[in-house]
Each structure stands twice: as C-alpha cells, then as structure tokens.
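Per-entry structural report
Below are the chains, spelled out letter by letter.
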Amino acid sequence: DSGLSEFPAKGAVKDLRYARELDLQGNALTVLPEGRLPRLEWLESLALTGNRLARFPDDLARCNRLRTIFAGANDIVDPAPAFEAPVLLHLGLAHNRVARLPPADVCAGAETLVSFDLAANALCGLRETLESLAAMPSLRALVLRGNPLALEPGYRLAVLKKLPLLRTLDEREVSREERAAAAARADADPADAPTTVRFEVRVDALEVEPDPPAAVEAEPTVGGEDAGADGEAAAAAGDETAAGDDAGLDGLENGEENGDGDGEASAPKDECEFWVRVRLPEETLETSRIKRAPPVAEVGDDAGDEPAAGADGDGDGDGDG
C-alpha cells in the first residue's frame, strides 16, 4: 500500500523481470497498461486487491507462469481476459461488479482454473451462471455467496447437480449426503423455474380518509309527515296499514334482530387492496392484488368495557355516585 495511482514504469518493470510475486494491494490503480505484465516472465502470483480497476488487460494470455490472481474489492465487470492465462489455478474476484459471466465457449478457455471466488458480486441468473461454470473442466472450489442468485430456493443442491465435481462450495466442503441429494434431484433443473423471492412488507402507519356522506334527495311530504317513505317501508315489511311511526319501530326491531346483540346493526367494513411492485434491472414485477378488510378495534372489549347504562357505573343511571 504505497498510494500508487499508476502501474510502475517500464524501467521499474524491467528490474522486476525475475519476480515471482507482485503485490499491488491497497493502491488506487485504475488500469493495468498493456505489455507490462508479460515482461515479468517468472511472475506466478499477482495481488491487486483493493484498487479501482475496472478491467483486466487483454494480454494475460502471454503470462505463461501466472497461477494466481487476487483482484477482490475492485470494479471489474468482465473476468474474461483472466480466463486466457494458460496455467491459471485461482481467480479471486470477490466484491466486484460482475453481473454476468461470459458464454460457455469463453469460459471453456479456463482449462486449468481450479478455484474461483465470485463472492458478493451481482450475479442474478442461476441457470446462465451454471452453464458458464460447467464449461470449466478443472473447477473444484467455487464461492458464489453474497450474489442474488444464492437466495434462490434449492440454490446449493442446484449448483452441486450442475457441477458434480465440486469439492467445496462457498468455502464449505461438499458432503456425501449433499452429493447424493443433488444426484437424486429431478431431471428438470429448478433453475428453469421462475425465480421466487419471499420478503415481508411491514406498514408502520396507514391513514384512511372516511367515505363522503351519501347524498340525500328531498322528497315531497304529505301532511308534514314522511308518509310516502314510511308507507313504502311498511309495505315491504308486509304491513300495509302500519303508520309511519310504527314502520320506524319495525325498522328498529329488525336492526336488533340482525345486529350483534347490542341493539346496533354491524357496520360494513371497507376492503383495502394490498400489493407490492418491485423494480428489477430488466423488468418490473408486481404481485397479485389482495383484497382484505383491515382489523377494526371493537368498542367494549374485555380490557376496556364501558358502562352499559348510567354515567356513574352502577347501572341505575341515577348519578348517586
């Protein structure tokens, strides 16, 4: 960690011609110039962790002895140039910006790669990722944790089914039981199924405006009494000779019979719609809408019952305290 923002000059590289390890960790490098690394003819290990690199140089195929590359905590998007290193054994790309691996025919060029660390990147497509990794014939150790694809149900067994030669996955040794369970999985790859993500949404505060009052149309009255309206209500109840006052009493009795037993008709509950919209890089997903009546606190629960009659609490209403 010497604060380098540029790769060492050509003269310095010439002095490192026989170096086997080059440690450039914790600097501010943004690019590796073409032609510098191949000059280090004996280079076997390259440490680039903690820089600001966005890509590898395109001439790693000429690094004939390079066996390990540690390039975590950079901004690398495409690992393809590293696959061309002819004898590369380990490639560390944790905490970069890899969102998609190259196609299988490109990954097949990493014939000697044994260990691949892709932890905490942005890989989403499990099926596509496994297709590319399956093209690496020597791969035995793989790290994918910290990627969105690792959240898919059955992720570990899906990886082991597609890559049966793996010995460790996410730095955990593959057991015999896991290997057998992966082999026994149905031929239909679970990665072919739509991705299912389960999450919980909590609403801390919900404000609902009351419905506006219904408009009431005035009707002509006869003799100062609403004889017409009361007469229609009485006729519907089967009492054609009932007076307007009797019809009102009948309505009150009907309310007591249809209510919840306390003399008041139960009010209808409004239904609310709940759904979640999720924005992904390629599309927007929206859950199905669920209609559900929100819970309403009932007056007169066990913990807070109010006196049924009388203001003094003894039920007689005489106010004697």
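Predicted model, so just to flag it, every value in this text is computed and none were measured. (Residues numbered from 1 in each chain as written. Predicted model: local features only at pLDDT ≥ 70, side-chain atom pairs only at ≥ 80, totals over all residues. Heavy atoms only, no water.)

Moving on to the overall build of the protein chain. When you go through the protein chain residue by residue, the secondary structure sums to 7 helices and 12 strands. Counting the 321 residues in the protein chain, one finds 28% classified as buried. In the protein chain, of all internal contacts separated by at least 6 residues, the share reaching a separation of at least 24 is 47%. Carbon and sulfur atoms make up 50% of the accessible area of the protein chain, which amounts to about 21,400 Å² in all. (Helix = DSSP H or I, 4+ residues; strand = E, 2+ residues; numbered from the N terminus. Buried < 20%, exposed > 50% of the residue type's maximum accessible area, 1.4 Å probe, protein only. Contact = heavy atoms within 4.5 Å. Areas by Shrake-Rupley, 256 points an atom, 1.4 Å probe, with all protein chains shown as cover.)

As a further point, take the packing of aromatic side chains. Applying the stated criterion across every chain yields a total of 1 aromatic pair. Between F83 and F116, the ring centres sit 5.8 Å apart and the planes meet at 85 degrees, which makes this aromatic pair edge-to-face. You can see F83 sitting in the loop between β3 (68–70) and β4 (90–92) and its partner F116 sitting in strand β5 (residues 115–117), a full 33 residues away along the chain. Cation over ring: R65 sits above W42, and NZ or CZ is 4.0 Å from the ring centre. (Phe/Tyr/Trp six-rings, centres within 6.5 Å; stacked < 30°, edge-to-face > 60°. Lys NZ or Arg CZ within 6 Å of the ring centre and 35° of its normal.)

Take helix α3 (residues 126–133) next. Residues of α3 that are buried include every one of L126, T129, L130, S132 and L133, and no others. Here the buried residues of α3 occupy an arc of 160 degrees about the axis, which is enough to place them on one side. Lining the buried residues of α3 we find α2 (104–107), β5, β6 (141–143) and α4 (155–162). (Arc of directions from axis to C-beta.)

The next thing to look at is the sheet that holds strand β8 (residues 172–173). Overall, mixed pairing links the 8 strands, which are arranged β1-β2-β3-β4-β5-β6-β7-β8 in an open sheet. Looking at strand neighbours, the two that pair on one side only are β1 (21–23) and β8, the edges of this open sheet. Bridge count for β3 against β4 is 3 bridges, and the pairing is parallel. Among the inter-strand pairings, I69 is bridged to a residue of β4, identified as L91. (Pairing = 2+ DSSP bridges.)

Applying the stated criterion across every chain, the model contains 9 salt bridges. Salt-bridge contacts for R20 lead to E44; the nearest nitrogen and oxygen are separated by 3.0 Å. With R20 in the loop between α1 (10–15) and β1 and E44 in the loop between β1 and β2 (45–47), the pair connects residues that are 24 residues apart, well separated along the chain. Given the relative accessible area of 44%, R20 is considered partly exposed. One connected set of salt bridges, linked through shared partners, spans R156, R172 and E178. (Salt bridge = Lys/Arg side-chain N within 4 Å of Asp/Glu carboxyl O.)

The subject of this paragraph is the confidence of the model for the protein chain. Confidence in the prediction for the protein chain averages 76 pLDDT; 55% of positions are at 70 or higher. Scored below 50 in pLDDT, residues 251–261 makes 4 contacts in the model with residues more than four places away or belonging to other chains. In this model residues 317–321 is a low-confidence stretch, pLDDT under 50, and it forms 7 contacts with partners more than four residues away in sequence or in other chains. (pLDDT = per-residue confidence, 0-100.)

Ranked by internal contacts, the top residues of the largest apolar core, which has 49 residues, are L37, F56, L91, F116, L133 and L142. Of all the elements in the fold, those that place two or more residues in this core are α3 and α4. When residues of this core are assigned to their parent elements, the largest contribution, 4 residues, is made by α4. Once residues lying within four places of it in the same chain are set aside, the contact partners of L133 are L101, F116, L139, L142, L144 and L163. (Core = buried A, V, L, I, M, F, W, Y, C linked by side-chain atoms within 4.5 Å.)

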